[in-house]
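# Structural characterization, general
Here is how the chains run, residue by residue.
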Amino acid sequence: FKVFPNPAKGEINIEVEENKEYIVIIYNSVGAKIAEQKFSKEAKISTTSFSKGIYQVQVCDKDGKICHTEKIVLE
């Protein structure tokens, strides 16, 4: 999957190759879940309410079994 832009301002975009159901979960630097959204193919997440810093973006299949994590910086 692709997460962009990185560093981000205002919005995080997520794209996956397969058109299946996915869940994106965003965690802050202390591991607290701050956002969760279901999507297919692509997602746009507003970060205007997030503080500046480093976040982990986790993309899982709809069953939560196959997950991939990527770090992103918010400016």
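Everything below is about the structure shown above.
Residues numbered from 1 in each chain as written. Predicted model: local features only at pLDDT ≥ 70, side-chain atom pairs only at ≥ 80, totals over all residues. Heavy atoms only, no water.

## Some points on the environment of Glu15
- On the secondary structure map, Glu15 appears in strand E2 (residues 11-15).
- Among residues more than four places away in sequence, those in contact with Glu15 are Phe1, Lys2, Phe4, Lys41 and Glu42. (Helix = DSSP H or I, 4+ residues; strand = E, 2+ residues; numbered from the N terminus. Contact = heavy atoms within 4.5 Å.)

## Things to note about the side chain of Thr47
- With respect to the helices, strands and loops of the structure, Thr47 is situated in the loop between strand E5 (42-46) and strand E6 (53-61).
- Judged by its relative accessible area of 6%, Thr47 falls in the buried class.
- Here the side chain of Thr47 touches Glu11 through a polar contact of 3.2 Å, landing on its backbone nitrogen.
- Beyond its immediate stretch of four places on either side in the chain, Thr47 contacts Lys9, Gly10, Glu11, Ile12 and Leu74. (Buried < 20%, exposed > 50% of the residue type's maximum accessible area, 1.4 Å probe, protein only. Polar contact = N/O pair within 3.5 Å; in protein donor to acceptor, adjacent residues only side chain to side chain.)

## Section: the state of the cysteines
- Scanning the model with the defined rule gives one disulfide in all.
- Each sulfur of the disulfide joining Cys60 and Cys67 lies 2.2 Å from the other. Judged by the sign of its S-S torsion, about 110 degrees, the bond between Cys60 and Cys67 is right-handed.
- Assessed through its relative accessible area of 31%, Cys67 is described here as partly exposed. (Disulfide = S-S within 2.5 Å.)

## Quick look at the nonpolar core
- Ile12, Ile14, Val24, Ile26 and Phe39 are the most contacted members of the largest nonpolar core, which totals 18 residues.
- Not counting residues up to four positions away in its chain, the partners in contact with Ile12 are Val3, Phe4, Ile26, Ala43, Lys44, Ile45, Thr47, Ile72 and Leu74. (Core = buried A, V, L, I, M, F, W, Y, C linked by side-chain atoms within 4.5 Å.)

## Description of the pattern of salt bridges
- Scanning the entire structure with this criterion turns up four salt bridges.
- For Glu18, the salt bridge identified is with Lys20, shortest N-O distance 3.7 Å.
- Taking the relative accessible area as the measure of exposure, Lys20 reaches 42% and is therefore partly exposed. (Salt bridge = Lys/Arg side-chain N within 4 Å of Asp/Glu carboxyl O.)

## With respect to the environment of Ala8
- Relative to the helices and strands, Ala8 resides in the loop between strand E1 (2-4) and E2.
- Considering only alpha carbons, one finds Ala8 and Lys52, 44 residues apart in sequence, at a separation of 9.5 Å.
- Setting aside chain neighbours within four positions, we find Ala8 in contact with Ile72, Val73, Leu74 and Glu75.

## Focus on the pairing of strand E4 (residues 33-40)
- Both strand E3 (residues 21-27) and E4 contribute to a ladder of seven bridges, which runs antiparallel. Pairing of Ile26 across the sheet is with Ala35, part of E4.
- Hairpin geometry of E3 and E4 is characterised by an intervening segment of five residues between the two adjacent antiparallel strands and by a positive phi of about 90 degrees at Gly31. (Pairing = 2+ DSSP bridges.)

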